[in-house]
Amino acid sequence: MPSNARKKFPDATRSRAARPALLLDWYDRHRRRLPWRAAAGERPDPYRVWLSEIMLQQTGVKTVGPYFEKFLARWPDVSALGQAPLDDVLRMWAGLGYYSRARNLHACAVAVLRDHGGVFPDTAEGLRTLPGIGPYTAAAIAAIAFQRHVMPVDGNIERVVSRLFAVEEELPQAKPRIQELAATLLDDSCAGDEKSRAGDEKSRAGDSAQALMDLGSSICTPKKPACALCPLNADCTARLCGSQETFPRKAPKKSGALRRGAAFVVSRGDELLLRSRPDKGLLGGMTEVPGSEWLAGQEDEAALTQAPALSGKVRWHRKAGVVTHVFTHFLLELLIYTTSVPARTRAPRGMRWVPIAALEDEALPNVMRKAIARGLGE
């Protein structure tokens, strides 16, 4: 730290020791009201915490809110969700993206019901034995739902900590160091994961974690952070150097190769031809219109040869333009071909006719909804 910074902040050591208390004091006054978050003084519901954490993976709070409410209304506890058919869960999840989360969500509910009597394990170690729960999600549930002395580190916390301590190492290599530093911001009134009892009212580990999440979301934002309002601004190293927006340090992103394919929108009166994708793999178990493989450098003619085998003479009409969709590791471009068939045309093997009016009840991912909209549009 520069010498002038030391002069400006002579009580930096004391400030660092006070960080957890400063953070909690700020949180008590400014905490966000979220449908899955317990109010001050209320005991968190592990089911709500778990459900929200799975939904919030790779997805923003505003998008998750309505889905969380729908799931909670349909399946109010883990036992209800564990007894639900997977197809129903996939239908309810449709549009939220990253569909492996829905399959893992259902598998986890089944495991909690079958192996744990409908009660979630109350430690990070126990939670990690469940399907779909990795290190971050286990730590988040353990801290927020059970007050275990562990710190989950999401993107918001990563940003706050990397700025506060000016972590120069690039992500993802910096993650272990950021995790270590983030733990120093935990409320230490009941330190030690195994020493603390689940639900110990003396611990505010969950509030510490949620305070950092809220701080990153509302004040320590990626661009133009409101440092003057931050409870930890007195000794934030990045702020002292005026380099807040350069943290966290990140290695250049590697973009995946463009993949191309075709989607075939086949109508039979007021019905549409659909099929289900294989259970494993990208968009596993979801509903789609028939389509070609998605391959890098695929020619249009090659994609058209993979059209569904329909009886009688079929004339395909190619829609103008393409439908684009961004997946985590690649960009997809889909050509859209349409055709109409006679009323008695049978669905090819593995496919089915579904009323267009009932499409909302199908587990259609966003990319397929876009393809259908283009295919049925003028």
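Note that the coordinates shown come from a computational prediction; the quantities given were computed from them, not determined experimentally.

Asker: Could you clarify how one ought to interpret the overall build of the protein chain in this entry?
Answerer: Of regular secondary structure, the protein chain possesses 15 helices and eight strands. Structurally, the protein chain occupies a C-alpha span of about 85 × 50 × 30 Å along its principal axes. Within the protein chain, the fraction of its 378 residues that count as buried is 50%. Counting only contacts in the protein chain whose residues sit at least 6 apart along the sequence, the fraction spanning at least 24 positions is 68%.

Asker: What should I look at first to understand a nonpolar patch on the surface in this one?
Answerer: On the surface, L258, V326 and L331 cluster together into a nonpolar patch covering about 250 Å² of accessible area. Following the sequence through the fold, L258 ends up in the loop between α13 (237-241) and β1 (259-268). Look at L258 and you get partly exposed, because its relative accessible area is 34%.

Asker: I keep staring at the pattern of salt bridges and nothing clicks. Help me out?
Answerer: Note that side chains of opposite charge can pair when their charged atoms are close. By the definition in use, this model includes 21 salt bridges. Across the pair E168 and R249 runs a salt bridge, and its minimum N-O distance is 3.0 Å. Here R249 lies in the loop between α13 and β1 and E168 lies in the loop between α10 (155-164) and α11 (175-183), a separation of 81 residues in the sequence. Two residues, E288 and R277, come together in a salt bridge whose shortest N-O distance is 2.8 Å. Of this pair, E288 sits in strand β3 (residues 287-288) while R277 sits in the loop between β2 (271-276) and β3, and the two are eleven residues apart along the sequence. In this pair, the class of E288 matches that of R277, namely buried.

Quick notes on the rules
Residues numbered from 1 in each chain as written. Predicted model: local features only at pLDDT ≥ 70, side-chain atom pairs only at ≥ 80, totals over all residues. Heavy atoms only, no water. Helix = DSSP H or I, 4+ residues; strand = E, 2+ residues; numbered from the N terminus. Buried < 20%, exposed > 50% of the residue type's maximum accessible area, 1.4 Å probe, protein only. Contact = heavy atoms within 4.5 Å. Patch = residues over 30% accessible without salt bridge, like charges linked within 9 Å, V, L, I, M, F, W, Y side chains within 5 Å. Areas by Shrake-Rupley, 256 points an atom, 1.4 Å probe, with all protein chains shown as cover. Salt bridge = Lys/Arg side-chain N within 4 Å of Asp/Glu carboxyl O.

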